[in-house]
Amino acid sequence: MTVSQTIYEFTTLAIASGGWMEMDRIYLQNRVASLIGEEALAPVKEGTASHTSLELLDGLVETAKKNQVITENQAEVEILEAQLMDFLTPPPSVVNAFFAQHYSKNPQEATNYFYELSKANDYIKTRAIAKNIIFPVETEYGELEITINLSKPEKDPKQIAAERMAAKVDYPKCMLCMENEGYKGRLNYPARTNHRIIRMNLDGESWGFQYSPYAYYNEHSIILSEEHRPMRISKETFTRLLRIIEVFPHYFVGSNADLPIVGGSILSHDHYQAGRHEFPMAKAEIETEFSLTNFPTIRAGIVKWPMSVIRLQGKEPSELVEAATVIFEKWQNYSDKSVEVSAFSSDGTPHHTITPIARRKQELFELDLVLRDNNVSEEHPDGIFHPHKDVQHIKKENIGLIEVMGLAVLPPRLEKELIEVENYLLDEENQMAAYHKEWADKLKQNTNITRGTAKKIVQESVGNVFARVLMDAGVFKRNEEGQLAFQRFIHTL
């Protein structure tokens, strides 16, 4: 296909997106041509587009490279891609108007519109996400979901050097700020020209709704405060979470904890994560019910889960908010030295918070409160309730909201490392990392290791290691001592 035909078809898709009219075609074609270094356009075959937006984008980017508008530098490529895909994305006011129009019919129709737009304009990196290695593993806590994250492209030495040389700019303040919408990007900051945010009003505060470019699960979305302020769990958090699932009843929504070690990767900007996915923890049942004297209409119980989870169910969001606040405030001040649970350091530094998750179960609202403690010790300098050293060969990073719910986000290094472990189990030539040896030697005791079974044996073990990671993060362990300690805390409620 000629460059002019590619530009014509790309422009056709831009007009179809709803942000332009047929009268704008010549203008659009010239704008696209200028971005990729073309000075003239030839006659084309008119009609509908015969290629997808991503196929056309690839052709335009290759032309830009040939015309030396950009180099192979990944940051330059992504900046141009976002600028081109911006033509396929209506302005924020129009996207919000379309969203509201769809929402008036059905909330799911509205999110469907925005989700499909965000994929078609390559804001959601569908091709990169498809590279992730995903497999389920059955454990005593149900089927856990394992992901080896390969979606974010690795940077080559030239790009790393270019980023270091780039000027430091304090704008936007972080990757979750509203100011990212339409931002061109820099060598050391991602391109966001094709980024759009749906505006939300949550009890008088301005918030935004967007999708995650590198999604870990279906319709992985982020709901962010317009104000750049640190994350903080409070009564208002529970109110907002329940309000969000009133707005989007087909989604779950949760918040990372607000303390280091047990929190997520971005604690500097108040935000939540949502989506249309049923996580393993949501499928787990309450195994021990208890009564909250001041909230007789609320069903409360301890969930059968490797971490310490209290589940609340009720028909009235306001009652759930009050009950959750009582539990949260009790936990913030609760200590039990017999199980290394300590609310404050000697200097008054707080160590207790929670990871809350809200969802709808037919007519019921449901809140899961996951108890978190970020204390460290001489034995566990990375965190007492953090993956311990013997499992850090698989997972060393913080256990955030997504992992808490049973979806492991494992580092890219494991893609190649696990193949070497398989080779080691098969007594074949390998370059297995030394930190996997103790684990691999235990696996080698399996008498059923063959070329056909090695991968499954390794994957099942990775899933069980992840279950252990979650147990390490649980403040009340799944043994008699830990469960008795959990009951002592429950009695304070």
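Conventions and cut-offs
- Residues numbered from 1 in each chain as written.
- Predicted model: local features only at pLDDT ≥ 70, side-chain atom pairs only at ≥ 80, totals over all residues.
- Heavy atoms only, no water.
- Helix = DSSP H or I, 4+ residues; strand = E, 2+ residues; numbered from the N terminus.
- Rg over C-alpha atoms; globule rule 2.2 N^0.38 Å.
- Buried < 20%, exposed > 50% of the residue type's maximum accessible area, 1.4 Å probe, protein only.
- Contact = heavy atoms within 4.5 Å.
- Areas by Shrake-Rupley, 256 points an atom, 1.4 Å probe, with all protein chains shown as cover.
- Lys, Arg positive; Asp, Glu negative; His and termini not counted.
- Charge placed at Lys NZ, Arg CZ, Asp CG, Glu CD.
- Domains from an automatic or database assignment.
- Axes fitted to C-alpha atoms, helices over the stretch in contact; angles between N-to-C directions.
- Parallel < 35°, antiparallel > 145°, perpendicular 65-115°, else oblique.
- Left-handed = near helix turned anticlockwise from the far one by under 90°.
- Pairing = 2+ DSSP bridges.

Draft legend 1. Here's a closer look at the overall build of the protein. Across its full length, the protein holds 16 helices and 13 strands. In summary, the protein has a C-alpha radius of gyration of 25 Å against a globular reference of 23 Å for 493 residues, a match within 12%. With respect to the three principal axes, the spread of C-alpha positions in the protein is 80 × 60 × 40 Å. Burial statistics for the protein: of 493 residues in total, 54% are counted as buried. Look at the contacts in the protein between residues 6 or more apart in sequence, and 63% of them connect residues 24 or more apart. Surface exposure of the protein reaches about 22800 Å², of which carbon and sulfur atoms provide 51%. Computed over 53 positive and 70 negative side-chain charges, the separation of the two mean positions in the protein equals 1 Å.

Draft legend 2. Highlighting the domain arrangement of the protein. Parsing the protein into structural domains produces domain 1 (3-69) and domain 2 (126-407 + 476-492). Summarising the inter-unit geometry, the C-alpha centres of domain 1 and domain 2 are found 42 Å apart.

Draft legend 3. Summary view of the packing of helix 1 (residues 3-16) against helix 3 (residues 53-66). Here helix 1 crosses helix 3 at 135 degrees, and the two axes come no closer than 10 Å. As far as their axial angle goes, helix 3 and helix 1 are oblique. Remark: the crossing between helix 1 and helix 3 carries left-handed chirality. The segment helix 1 lies against helix 3, with Val3, Thr6, Ile7, Glu9, Phe10 and Leu13 engaging Ser53, Leu56, Leu60 and Thr63.

Draft legend 4. Fine view of the sheet that holds strand 11 (residues 352-361). Sheet architecture is open: 10 strands sit in the order 3-4-5-7-6-11-12-10-9-8, paired in antiparallel fashion. The open sheet has two edge strands with one neighbour each: strand 3 (198-202) and strand 8 (286-290). When strand polarity is set aside, the average angle formed by the axes of neighbouring strands in this sheet is 25 degrees. In this structure, strand 9 (residues 299-303) lies alongside strand 10 (residues 309-314), joined through four bridges in antiparallel fashion.

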